[in-house]
Amino acid sequence: MSAQDSVAESPVAPVWGELRYSGELVRLLADGDLRASRPPADAPPVLLIPGFMAGDASLAVLRAWLRRRGHRVAMSGMLANVDCAERSVSRLGEHLRRFAADCDRVVLVGQSRGGGFARALAVRHPDIVVGLVMLGSPVRDSLAVSPSVRRTVRWVAQLGDLRLPGLFSTRCRDGACCEAFHADLTAALPPGIHAISVYSRSDGIVDWRACLDPEAEAVEVDSSHCGMSVHPAVYRVLDRALRTCASDIRGSRPAARARR
């Protein structure tokens, strides 16, 4: 996508909407239906990937909910998601392979920038991925974000240009290092992967239009950007997606046994 075609110039909802996070978390903790929901049979394993500037701790509530339901959960190993996208996805690919070595196919759940990483993993490793859920992930244009976040991106990239380790640089946007990653963001998803893109028109960080992946089912929620990891409506979407993936895994086992 060229700079002229970028949806980054589209208005983003007011950033004060991100103050809803605490209320969204309280509603989740008070939701008896979600606490009492029965997990799917053969709960599929899940890999969680956090968003820009965030680490695994930002998905602690989601991890706890998944584990209570019987899912094996792997985290990304990130303290802060600020590294070069290609380096990150390559490392996550190795991590995914190790995680999937002794289990069925994996469901990938990524928030914001982490959703783009999850999509790239699904393209590269279709044999071990059964589902993909992207939460507020601007896969159509990674810079379709609020001005304050765009300034932070530039600041991190400038530090990366100074060769500070573990940071992306301006070369990651337009240079050769991340060409494969950018191609993965628009590539067709392999058949057999159930993909969902969750977006919010009141997202104060990302332009919701950049989240409309044509290869995924688009699901709208009324959530803050950061609150998607704790929003009850998102957890209901996840519950449905995980049940679908569990059913797909069970259905694929006879075929896998026949191939053996």
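See the structure shown above.
Criteria and thresholds
- Residues numbered from 1 in each chain as written.
- Predicted model: local features only at pLDDT ≥ 70, side-chain atom pairs only at ≥ 80, totals over all residues.
- Heavy atoms only, no water.
- Helix = DSSP H or I, 4+ residues; strand = E, 2+ residues; numbered from the N terminus.
- Rg over C-alpha atoms; globule rule 2.2 N^0.38 Å.
- Buried < 20%, exposed > 50% of the residue type's maximum accessible area, 1.4 Å probe, protein only.
- Axes fitted to C-alpha atoms, helices over the stretch in contact; angles between N-to-C directions.
- Parallel < 35°, antiparallel > 145°, perpendicular 65-115°, else oblique.
- Left-handed = near helix turned anticlockwise from the far one by under 90°.
- Contact = heavy atoms within 4.5 Å.
- Nonpolar A, V, L, I, M, F, W, Y, C, P; charged D, E, K, R; others polar.
- Pairing = 2+ DSSP bridges.
- Salt bridge = Lys/Arg side-chain N within 4 Å of Asp/Glu carboxyl O.

**Q** How should I be thinking about the overall build of the protein chain in this particular structure?
**A** What the protein chain contains, in helices and strands, is 9 helices and 6 strands. For 260 residues, the compact-globule formula gives about 18 Å, and the C-alpha radius of gyration of the protein chain, at 18 Å, lands near that figure. Taken along its principal axes, the extent of the C-alpha atoms in the protein chain is 50 × 45 × 30 Å. Burial analysis of the protein chain (260 residues in total) assigns 52% to the buried set.

**Q** Any chance you could explain the packing of helix H4 (residues 85-100) against helix H5 (residues 113-124) here in plain terms?
**A** For any two helices packed against each other, the geometry comes down to the angle between their axes and how far apart the axes lie. The interhelical angle for the contact between H4 and H5, taken along N-to-C directions, is 60°, at an axis separation of 10 Å. For the element pair H4 / H5, the angle class is oblique. When the axes of H4 and H5 are compared, the crossing they make is right-handed. Contact with H4, carried on its side by Ala85, Glu86, Ser88, Val89, Ser90, Leu92, Gly93 and Leu96, involves Arg113, Phe117, Ala120, Leu121 and Arg124 of H5 and no other residues of that element. Looking at the contact of H4 with H5 residue by residue, the classes come out as 7 nonpolar, 3 polar and 3 charged.

**Q** What exactly am I supposed to notice about the sheet that holds strand E5 (residues 194-199) here?
**A** Ordered in space as E2-E1-E3-E4-E5-E6, the 6 strands form an open sheet in which the pairing is parallel. What marks the edges here is a single partner per strand, and that holds for strand E2 (73-75) and strand E6 (217-220). Across the sheet, the mean angle separating the axes of adjacent strands is 20° when strand polarity is ignored. In this structure, strand E1 (residues 46-49) lies alongside strand E3 (residues 106-111), joined through 4 bridges in parallel fashion. For Leu48, the partnering residue across the bridge sits in E3 and is Val109. On top of the sheet, H4 reaches E1, E2, E3 and strand E4 (129-135); it is set at about 155° to E1, its chief contact.

**Q** Hey, could you run me through the pairing of E5 in this one?
**A** Each regular strand displays side chains that alternate between the two surfaces of the sheet. Taking burial as the measure, the 6 residues of E5 include 5 buried ones, the bulk of the element. In this sheet, E5 lies alongside E4 in parallel orientation, the contact comprising 5 bridges. When the sheet's bridge partners are listed, Leu132 is paired in E5 with Ala195.

**Q** When you look at the pattern of salt bridges in this model, what are you seeing that I'm missing?
**A** Side chains that differ in sign of charge can pair as their charged atoms come close. The full count for this structure, using the stated rule, is 14 salt bridges. Close ionic contact of Asp127 with Arg97 constitutes a salt bridge, the shortest N to O distance being 2.9 Å. Here the residue Asp127 occupies a position in the loop between H5 and E4, and Arg97 occupies one in helix H4, the gap between them amounting to 30 residues. Overall, the relative accessible area of 47% leaves Asp127 in the partly exposed class. Measuring nitrogen to oxygen at the nearest pair gives 3.1 Å for the salt bridge that ties Arg240 to Glu217.

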